[in-house]
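Inside the fold
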Amino acid sequence: MDNAAPPQHIAIIMDGNGRWAKKRGLPRTAGHAAGAESFRRIANYCRTLGVRYLTVYAFSTENWKRSADEVAGIMRLLGRYLREALADMEKNRVCFRFFGDLTKLSPELQKLCHDAESLSADYDVQVNFCLNYGGRDEIVRAASNFAADVAAGKYRPEELTEELLSQYMYSRDIPDPELIIRPSGELRTSNFLLWQSAYSEYVFMNVLWPDFSPQDLDQAIEEYHRRNRRFGGT
Ligand code: FPP
């Protein structure tokens, strides 16, 4: 393995937007707006580094418990970002996939997600937005869809393997993330990529997501390179 090469796939829990806003006496939505800016910076930097896949936790299945105002604010930011990204896709060379149950989103946002996915070509960086996403929910859906295929006679139950079940996940055909970063000082996985993170290296950092800089990403990648990845071997 080339130790100097960046990870092929980095995943990030964009955490700390609310605290960032609170520290400045601003509404939580201002924290999410700063978080969206931080995402833009980091996605561009990933392209510079040659990272192929960037997966971000934008909205979880649990985030609906937040105030209607905050939820609407996050959805507005996502819509604005996707509209811009659709206009600039060829210039930015960033393409998109969405992990999660999009049917709960507004018809406008669903259409933007659909357009972004269908216009995506094989660009330098692929961003996977986890939207109305939960790791357990993803596994349950995969199991249920496999069971439906068994009932339809496509497979026998004993034919199920890890590789086959992977093909029922939102991440089918995408390598698992080598590195998962959680800023903001929280030490939890919060239902993020439960299936795909089996051998990922976690790097937890004390910086809040809106303050997360390219230097912080460099630091996380250096930490990743210092780890000795054995995949259960010796
Ligand atoms: C977690 O921080 C963050 C979210 C639930 C939302 C993330 C959304 C964005 C960064 C904006 C989406 C738009 C784009 C373009 C990516 P938190 O609110 O839980 O922070 P806290 O723990 O400090 O309260």
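Structure: above.
Residue positions are given per chain, counted from 1 along the sequence in the order it is written. With the structure being a predicted model, the display of local features is reserved for residues of pLDDT at least 70 and the display and counting of side-chain atom pairs for 80 or more, all residues being used for whole-chain, interface and lining totals. Hydrogens and water are ignored here; the side-chain numbers use all heavy atoms of the structure.

With that settled, consider the state of the cysteines. In this description, a disulfide is simply a cysteine sulfur pair whose atoms lie within 2.5 Å. Within this structure, the stated rule accounts for zero disulfides. Take Cys-46: it sits in no disulfide, and the sulfur closest to it among the cysteines is that of Cys-95, at 13 Å. The exposure class assigned to Cys-46 is buried, which follows from its relative accessible area of 0%. As a non-bridged cysteine, Cys-130 has Cys-113 as the owner of its nearest cysteine sulfur, 12 Å distant. When accessible area is computed with a 1.4 Å probe and restricted to protein chains, residues below 20% of their type maximum are described as buried, those above 50% as exposed, and intermediate ones as partly exposed. Overall, the relative accessible area of 0% leaves Cys-130 in the buried class.

The next thing to look at is the packing of helix 2 (residues 28–49) against helix 3 (residues 68–87). Axis separation between helix 2 and helix 3 bottoms out at 9 Å; the angle between their running directions is 25 degrees. If you check the angle between helix 2 and helix 3, you find them roughly parallel. By crossing handedness, the relation of helix 2 to helix 3 is classed as right-handed. The segment helix 2 lies against helix 3, with Arg-28, Thr-29, His-32, Ala-33, Ala-36, Phe-39 and Arg-40 engaging Glu-70, Gly-73, Ile-74, Leu-77, Tyr-81 and Glu-84. Residues belonging to the contact of helix 2 with helix 3 are distributed by class as follows: six nonpolar, three polar and four charged. Helix axes are fitted only over the stretch in contact, all axes being lines through C-alpha atoms; the angle between N-to-C directions runs from 0 to 180 degrees. Only DSSP runs of H or I reaching four residues or more are called helices, and only runs of E reaching two or more are called strands; each is numbered from the N terminus. By the definition adopted for this analysis, an angle is roughly parallel if under 35 degrees, roughly antiparallel if over 145, roughly perpendicular if from 65 to 115, and oblique otherwise. It is the rotation of the near helix from the far one that decides the hand of a crossing: anticlockwise by less than a right angle makes it left-handed, clockwise makes it right-handed. Throughout, a contact is declared for two residues whenever any of their heavy atoms are within 4.5 Å. Note that Gly is not counted as nonpolar here; it falls among the polar residues with everything else outside the nonpolar set of Ala, Val, Leu, Ile, Met, Phe, Trp, Tyr, Cys and Pro and the charged set of Asp, Glu, Lys and Arg.

This part is about the environment of Ala-68. You can see Ala-68 is positioned in helix 3. Residue Ala-68 is classed as exposed on the basis of its relative accessible area, which comes to 64%. Between the C-alpha atom of Ala-68 and that of Arg-136, which follows or precedes it by 68 residues, the distance is 24 Å.

One non-glycine residue, Arg-93, lies in the positive phi region at around 55 degrees. On the secondary structure map, Arg-93 appears in the loop between helix 4 (89–92) and strand 3 (94–99). Positive phi, normally seen in glycine, also occurs at Leu-193, with a value near 45 degrees. Relative to the helices and strands, Leu-193 resides in the loop between strand 5 (179–182) and strand 6 (201–204). By relative accessible area, which is 1% here, Leu-193 ends up buried.

What is shown is where atoms sit, not what they do.
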